[in-house]
Amino acid sequence: MTRSERVSPRRPVAARGLRPAMWLPLVVMLVVLGAAWTWGAQRFPYLLPPLRGVGATLTGSPAYYLKNAGVTLEEALGGLAIGFVAAFAVGVLISELPVARRAVLPVAVVLNVTPIVAIAPTLVVAFGFGPAPKIVITALICFFPILINTATGLRSVPPQILQVYQSIAASRLEVLAYLRVPSALPFIFAALRIAFPLSVTGAVVAELTAAGSAAGLGTVISNASSMNQLAVVYAAILVLAVMGTLLLLLVTIIERRALRWHDSSAQS
Amino acid sequence: MDGAVRAAAIEVSGVRKAYGEPPSVTVALDDVSLAVAAGSFVSLIGPSGCGKSTLLRLAAGLEAPDHGTVRVHGVAPREAAAAKLIGLVPQSPALLPWLSVLKNVTLPRKVNQGAGKRRARFGDLGAGRPPADPMDLLRRVGLGDVAHKLPAELSGGMAQRAAIVRALGLRPDVLLMDEPFSALDELTRESLQGQLLDLWGELKTTVLFVTHSIAEAVRMSDVVVVMGSPGRVLDSVPIGLPRPRDPGLLGDPRFHGYEDQVRVSLRHAWSATDDA
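Owing to the predicted nature of the structure, the values given are computational and were not obtained by experimental measurement. (Residues numbered from 1 in each chain as written. Chains lettered and ligands numbered in written order. Predicted model: local features only at pLDDT ≥ 70, side-chain atom pairs only at ≥ 80, totals over all residues. Heavy atoms only, no water.)

Focus: the overall build of chain B
In terms of helices and strands, chain B carries nine helices and nine strands. Taking 2.2 N^0.38 as the reference for a compact globule, 276 residues should give roughly 19 Å; the C-alpha atoms of chain B span a radius of gyration of 18 Å, in line with that estimate. C-alpha atoms of chain B, sized along the principal axes, occupy 55 × 45 × 45 Å. Counting all 276 residues of chain B, 57% fall into the buried class. (Helix = DSSP H or I, 4+ residues; strand = E, 2+ residues; numbered from the N terminus. Rg over C-alpha atoms; globule rule 2.2 N^0.38 Å. Buried < 20%, exposed > 50% of the residue type's maximum accessible area, 1.4 Å probe, protein only.)

Quick look at the environment of B:Ala217
Residues and elements named next belong to chain B. Residue placement: Ala-217 occurs in helix α8 (residues 214–220). We classify Ala-217 as buried; its relative accessible area is 0%. For Ala-217 and Ile-239, which are 22 residues apart along the polypeptide, the C-alpha to C-alpha distance reads 9.4 Å. Ignoring any residue separated from it by four or fewer positions in sequence, one finds Ala-217 in contact with Ser-43, Ile-45, Thr-211 and Val-224. (Contact = heavy atoms within 4.5 Å.)

Remarks on a nonpolar patch on the surface
Taken together, A:Leu18, A:Met22, A:Trp23, A:Leu24, A:Val27, A:Val28, A:Val31 and A:Val32 make up a surface patch of nonpolar side chains, about 780 Å² in accessible area. Summarising the element assignment, A:Val31 is placed in helix α1 (residues 20–43). (Patch = residues over 30% accessible without salt bridge, like charges linked within 9 Å, V, L, I, M, F, W, Y side chains within 5 Å. Areas by Shrake-Rupley, 256 points an atom, 1.4 Å probe, with all protein chains shown as cover. Salt bridge = Lys/Arg side-chain N within 4 Å of Asp/Glu carboxyl O.)

Some details on the pattern of salt bridges
According to the stated counting rule, one finds 14 salt bridges over all chains in the structure shown. A:Glu255 is the salt-bridge partner of A:Arg193, the closest N and O atoms lying 3.5 Å from each other. Separated by 62 residues along the polypeptide, A:Arg193 in helix α8 (residues 172–209) and A:Glu255 in helix α10 (residues 230–258) bring together distant segments of the chain. Classification of A:Arg193 by relative accessible area gives partly exposed; the value is 32%. Taking the shortest distance from any N to any O, the salt bridge between B:Glu63 and B:Lys17 comes out at 4.0 Å. Of this pair, B:Glu63 sits in the loop between α1 (52–59) and β4 (67–72) while B:Lys17 sits in strand β1 (residues 8–19); the two residues are 46 residues apart in sequence, bridging distant segments of the chain. Each member of the pair, B:Glu63 as well as B:Lys17, is classed as buried. Taken together, the shared-partner salt bridges in this structure form one network comprising B:Lys17, B:Arg57, B:Glu63 and B:Asp66.

A short note on the domain arrangement of chain B
Residues and elements named next belong to chain B. Annotation of chain B at the domain level lists domain 1 (1–85 + 173–276) and domain 2 (95–111 + 129–171). Each of domain 1 and domain 2 has a C-alpha centre, and the two are 24 Å apart. The partner domain 2 presents 16 residues to the 15 residues of domain 1 that form the contact. Of the roughly 1400 Å² buried at the junction of domain 1 and domain 2 (both faces included), carbon and sulfur atoms supply 64%. The largest share of the area that domain 1 buries against domain 2 comes from Lys-84, Leu-199 and Leu-203, three residues that together contribute 41% of it. (Domains from an automatic or database assignment. Buried area = accessible area lost by both parts, 1.4 Å probe.)

What to know about the confidence of the model for chain A
Residues and elements named next belong to chain A. Predicted confidence across chain A gives a mean pLDDT of 86, with 90% of residues reaching 70 or more. Averaged pLDDT values over the elements of chain A bottom out at 50 in helix α11 (residues 263–267) and peak at 96 in helix α7 (residues 159–166). Note on residues 1–13: pLDDT is under 50 here. Beyond four places in sequence and across chains, it has 26 contacts. For residues 264–268, every residue scores under 50 in pLDDT, and the model assigns this stretch six contacts once sequence neighbours within four places are set aside. (pLDDT = per-residue confidence, 0-100.)

Here's the deal with the side chain of B:Asn112
By secondary structure assignment, the location of B:Asn112 is in the loop between α3 (101–110) and α4 (115–120). A polar side-chain atom of B:Asn112 sits 2.7 Å from the main-chain carbonyl oxygen of A:Ile168. Those residues in contact with B:Asn112 that sit more than four places away from it in its chain are A:Ile168, A:Ala169, A:Glu174, B:Ala81, B:Ala82, B:Lys84 and B:Arg118. (Polar contact = N/O pair within 3.5 Å; in protein donor to acceptor, adjacent residues only side chain to side chain.)

Brief notes about the sheet that holds strand β8 (residues 223–228) of chain B
All names here are of chain B. Pairing within the open sheet is mixed, and its six strands lie in the order β5-β6-β7-β3-β8-β9. At either end of the open sheet lies a strand with only one pairing partner, and these are β5 (86–89) and β9 (232–238). Each neighbouring strand pair of the sheet contributes to a mean axis angle of 20 degrees, computed without reference to strand direction. When β8 meets β9, the two strands line up antiparallel, connected through six bridges. For Val-225, the partnering residue across the bridge sits in β9 and is Ser-236. With respect to the sheet, helix α7 (residues 186–203) is in contact with β3 (41–45), β6 (174–178) and β7 (206–211), its orientation differing from that of β3 by roughly 140 degrees. (Pairing = 2+ DSSP bridges. Axes fitted to C-alpha atoms, helices over the stretch in contact; angles between N-to-C directions.)

Side note on unusual backbone geometry
Residue and element names in this part refer to chain B. The omega torsion of the bond from Pro-22 to Pro-23 falls at 10 degrees, within 30 degrees of zero and hence cis. Inspection of the secondary structure assignment puts Pro-23 in the loop between β1 and β2 (26–37). Residue Pro-244 is reached from Arg-243 by a cis peptide bond, and omega for that bond is 0 degrees. Mapped onto the secondary structure, Pro-244 falls in the loop between β9 and α9 (253–275). If you check the backbone angles, Lys-84 has positive phi at about 55 degrees while not being a glycine. Inspection of the secondary structure assignment puts Lys-84 in the loop between α2 (77–82) and β5.

Considerations on the nonpolar core
A:Ile146, A:Tyr165, A:Leu217 and B:Leu96 are the most contacted members of the largest nonpolar core, which has 59 residues in total. Sorting the residues of this core by element identifies α3 (62–96), α4 (98–113), α6 (132–154), α7, α8, α9 (217–226) and α10 of chain A as the ones contributing at least two each. For this core, the leading source of residues is α8(A), giving 13 residues. When near neighbours in sequence (up to four residues on either side) are disregarded, A:Ile146 contacts A:Leu80, A:Phe84, A:Ala87, A:Ala191, A:Leu192 and A:Ala195. With 36 residues, the next largest nonpolar core counts B:Val101, B:Met158, B:Ala163 and B:Val165 among its residues. (Core = buried A, V, L, I, M, F, W, Y, C linked by side-chain atoms within 4.5 Å.)

Here is the structure:
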């Protein structure tokens, strides 16, 4: 055996200690933003509420925000789950059957460029004022990015790997389970990183457009702005931002665990 | 059943294969006939685009010929594949990046588990076949220590050895190799040639080996088949060197004699290409 072959060293995981270079830029940025906000709130009191006011309403009635956040989160995750299952199933179908791909893909593209929220009012008529229309809209919005990435990922297996397993007559189901689905995982996680925050957007937009909604942060925003309670509007927006960030963090953590073998997750 | 005359493991007769639609048809193979005796090591050599890889894909059942027949142990390649008679080593290692080396090597056992029964119908095709222990095979080629690592952590030579073990782990009766060492540096290549020869000497499987390297073809083979464009077999050079063939043999005058013989045939292949 020759010495020219050796195991290439694994890229060392950067020791991200609590060095000031890591956190200081963000702190400076937050301070600057806070100062700009405070200045803006004094200059344009009808545009921005004072930060203190936002903090006061949040700390004053946390149960109110948590309850409505829970409603929105349920709609978002429910819609995402339905959208994911549907998109994955259709993705497998169109990657296995070229006929299905030619039939489904153009429709899916048109569906994607159609402003889904525009059908929200009709959905309210059909499904009532509860969470159902919001879940439907969220599912529709999340469907497309997951579908496209799943279909692309399932077809990303290098031809030479496929040939090796073809030469031992692996069945289509075996190729799907052992080769295609694992190959698609990085693509699916990339889609989920888009779809998780998108699901919150979908739920909120649905609440805003579906007149007469009962609960949810979108409804809170809609009611508060009609009563000119700017602090409540921004408190709800802040809660939504935190919710979206936490969801993104959750996907990233799951992705790191599931895709330890994948380079892109080691780099980011 | 055949005592004196050993049946051909791979039989190609009158095969033609073309790609594309008229008027831009590329002929990859034109009336090619070839017989690979069971247990022998046969190399295909020739200029790029002479159809060597196409011939290999036909033997693996990945494609079907336009005319003529391809038989692997007397049956169509697809049937042979269904019985797991075939092991394929592609140009790149083609390992699954999410599985450890050991799991990459053992996955082919998990798929197509009905192959055992189909294979039994072929009877004994040459060698007694105790199941090869994948861990043992990995150790034999120096991969024992990295069996639980991911392919990304291997060098090119190690990954290619894992690909060879993956194919050999099934104890294939026919091993098809498509320029498996072409991406490796010279020394790694020579060491892998030696390891492959050792394993082959033991497993006595039939090997059809596509290569660009004259030295590699002469060192490895019982017969070197020279191909030329468009898709023809030009010459068949039997290599009468003794085995085992150690690296020391590379300096032997007889070795150079065979190299020259193959080189002369290849030159004809090149001039034939120029004429076309």
